[in-house]
Amino acid sequence: DAGVTQSPTHLIKTRGQQVTLRCSPKSGHDTVSWYQQALGQGPQFIFQYYEEEERQRGNFPDRFSGHQFPNYSSELNVNALLLGDSALYLCASSLAWQAAYEQYFGPGTRLTVT
Amino acid sequence: AQRVTQPEKLLSVFKGAPVELKCNYSYSGSPELFWYVQYSRQRLQLLLRHISRESIKGFTADLNKGETSFHLKKPFAQEEDSAMYYCALNGNRDDKIIFGKGTRLHILP
């Protein structure tokens, strides 16, 4: 089991563009959470998906949206990119009933907005 | 508002010396608290959680509700403890986990 995988590893986009990041959860996990980690900061919770629906959401604008597929993989979409969206985006997977206690993180996608 | 504060960005400790990484939280109810660790070139991973009252890799953390703290301690530092440490809070038990900014622990030989 490769654990949580994310693609791409790095991405460079221009202000105003749209981006899609992908995450495959650890085998057996059904819940995916997304975090944004700006330089020098801790991860900040964006949202969580379970049973193909957004279950929880942090303080992020509607420009940030997501999706979960029947195979539990997930996408994070960001529209109208701003320079401030430059960050490491982390995906974490877990079982729904123990999401806070036992979540496994992926390696992250480094997004640079120019 | 829920908040996690890690007052030290960098902590340098000699090998064999005691380690204490500070974490203070702001939350009015009964919190769930965690410590996460990220070793160089590795993924962020859970180190321990207060509800388990466990010791992992020699680290322990006690929840002090009076002082709203959850400091991470180890009696004798080892070189392999060098890493980035994040304190995290699940205040409303809703999985909206709030992380502190992290403390980089550097173990000196």
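Refer to the structure above for everything that follows.
Residues numbered from 1 in each chain as written. Chains lettered and ligands numbered in written order. Predicted model: local features only at pLDDT ≥ 70, side-chain atom pairs only at ≥ 80, totals over all residues. Heavy atoms only, no water.

A word on the pairing of strand β6 (residues 53–57) of chain A
Residues and elements named next belong to chain A.
Here comes step 1: Bridge count between strand β5 (residues 44–50) and β6: 4 bridges; the pairing is antiparallel. When the bridges of β6 are listed, Q48 appears paired with Q56.
Here comes step 2: Taken together, β5 and the strand that follows it, β6, pair antiparallel across an intervening segment of 2 residues, in which E51 is found at a positive phi of about 50°. (Pairing = 2+ DSSP bridges. Helix = DSSP H or I, 4+ residues; strand = E, 2+ residues; numbered from the N terminus.)

Let's talk about the side chain of T109(A)
Residue and element names in this part refer to chain A.
Here comes step 1: Along the chain, T109 turns up in strand β11 (residues 109–113).
Here comes step 2: The exposure class of T109 is buried, given its relative accessible area of 0%.
Here comes step 3: Side-chain polar atoms of T109 contact the backbone oxygen of P8, separated by 2.6 Å. (Buried < 20%, exposed > 50% of the residue type's maximum accessible area, 1.4 Å probe, protein only. Polar contact = N/O pair within 3.5 Å; in protein donor to acceptor, adjacent residues only side chain to side chain.)

Quick word on the interface of chain A and chain B
Interfaces are frequently sized by the accessible area removed from exposure as the parts join.
Here comes step 1: Taken together, the contact between chain A and chain B spans 23 residues of the former and 17 residues of the latter.
Here comes step 2: In this assembly, chain A packs against chain B so that about 1700 Å² is buried in total across both faces, 49% of it on carbon and sulfur atoms.
Here comes step 3: The largest per-residue losses of area from chain A upon contact with chain B belong to A100(A), Y101(A) and F105(A), which jointly make up 35% of the total buried on that side.
Here comes step 4: Where chain A touches chain B, the interface holds 2 salt bridges.
Here comes step 5: Where E102(A) meets R49(B), a salt bridge forms, and the shortest distance between an N and an O atom there is 3.2 Å.
Here comes step 6: In this assembly, chain A and chain B are joined by 8 residue pairs in polar contact (both at pLDDT 80 or more).
Here comes step 7: Looking at the side of chain A that touches chain B, the elements with two or more residues in it are β4 (31–37), β5 and β6 of chain A.
Here comes step 8: Of the residues forming the side of chain A that touches chain B, the biggest block, 3 residues, is contributed by β6(A).
Here comes step 9: Class assignment of the residues belonging to the side of chain A that touches chain B gives a composition of 11 nonpolar, 9 polar and 3 charged. (Contact = heavy atoms within 4.5 Å. Buried area = accessible area lost by both parts, 1.4 Å probe. Salt bridge = Lys/Arg side-chain N within 4 Å of Asp/Glu carboxyl O. Nonpolar A, V, L, I, M, F, W, Y, C, P; charged D, E, K, R; others polar.)

Here we look at the sheet that holds strand β7 (residues 60–61) of chain B
All names here are of chain B.
Here comes step 1: Read from one edge to the other, the open sheet built from 3 strands follows the order β3-β8-β7, with strand pairing classed as antiparallel. Looking at which strands have only one partner, the edges of the open sheet turn out to be β3 (19–21) and β7.
Here comes step 2: Across 2 bridges, β7 lies against strand β8 (residues 72–74) in antiparallel orientation. Bridging from a neighbouring strand, A61 pairs with L72 of β8.

What to know about unusual backbone geometry
Residues and elements named next belong to chain A.
Here comes step 1: In this model, S7 is joined to P8 through a cis peptide bond whose omega is -10°.
Here comes step 2: Along the chain, P8 falls in the loop between β1 (5–7) and β2 (10–13).
Here comes step 3: The backbone phi angle of E52 is positive, close to 65°, even though this residue is not glycine.
Here comes step 4: Note on placement: E52 falls in the loop between β5 and β6.
Here comes step 5: E52 sits in the partly exposed class, given a relative accessible area of 42%.

Things to note about the state of the cysteines
What makes a disulfide is a covalent bond joining the sulfur atoms belonging to two cysteines.
Residues and elements named next belong to chain A.
Here comes step 1: Counting across every chain of the model gives 2 disulfides over all chains.
Here comes step 2: Disulfide pairing places C23 opposite C91 at an S-S distance of 1.7 Å. The chirality of the disulfide connecting C23 with C91 is left-handed, given an S-S dihedral of about -50°. Taken together, the residues C23 in strand β3 (residues 19–24) and C91 in strand β9 (residues 87–94) connect sequence positions 68 residues apart.
Here comes step 3: On the basis of relative accessibility, which here comes to 0%, the residue C91 falls in the buried class. (Disulfide = S-S within 2.5 Å.)

A few points about the sheet that holds strand β7 (residues 64–68) of chain A
Residues and elements named next belong to chain A.
Here comes step 1: Taken together, the 4 strands give an open sheet; going across it, the order is β1-β3-β8-β7, and neighbouring strands pair in antiparallel fashion. Edge positions in the sheet fall to β1 and β7, since each of these pairs with one other strand and no more. Neighbouring strand axes in the sheet, compared pairwise and without regard to direction, differ in orientation by 20° on average.
Here comes step 2: Inspection of the sheet shows β7 paired to strand β8 (residues 74–78) by 5 bridges, in the antiparallel sense. Looking across to β8, one finds that S65 is bridged to N77. (Axes fitted to C-alpha atoms, helices over the stretch in contact; angles between N-to-C directions.)

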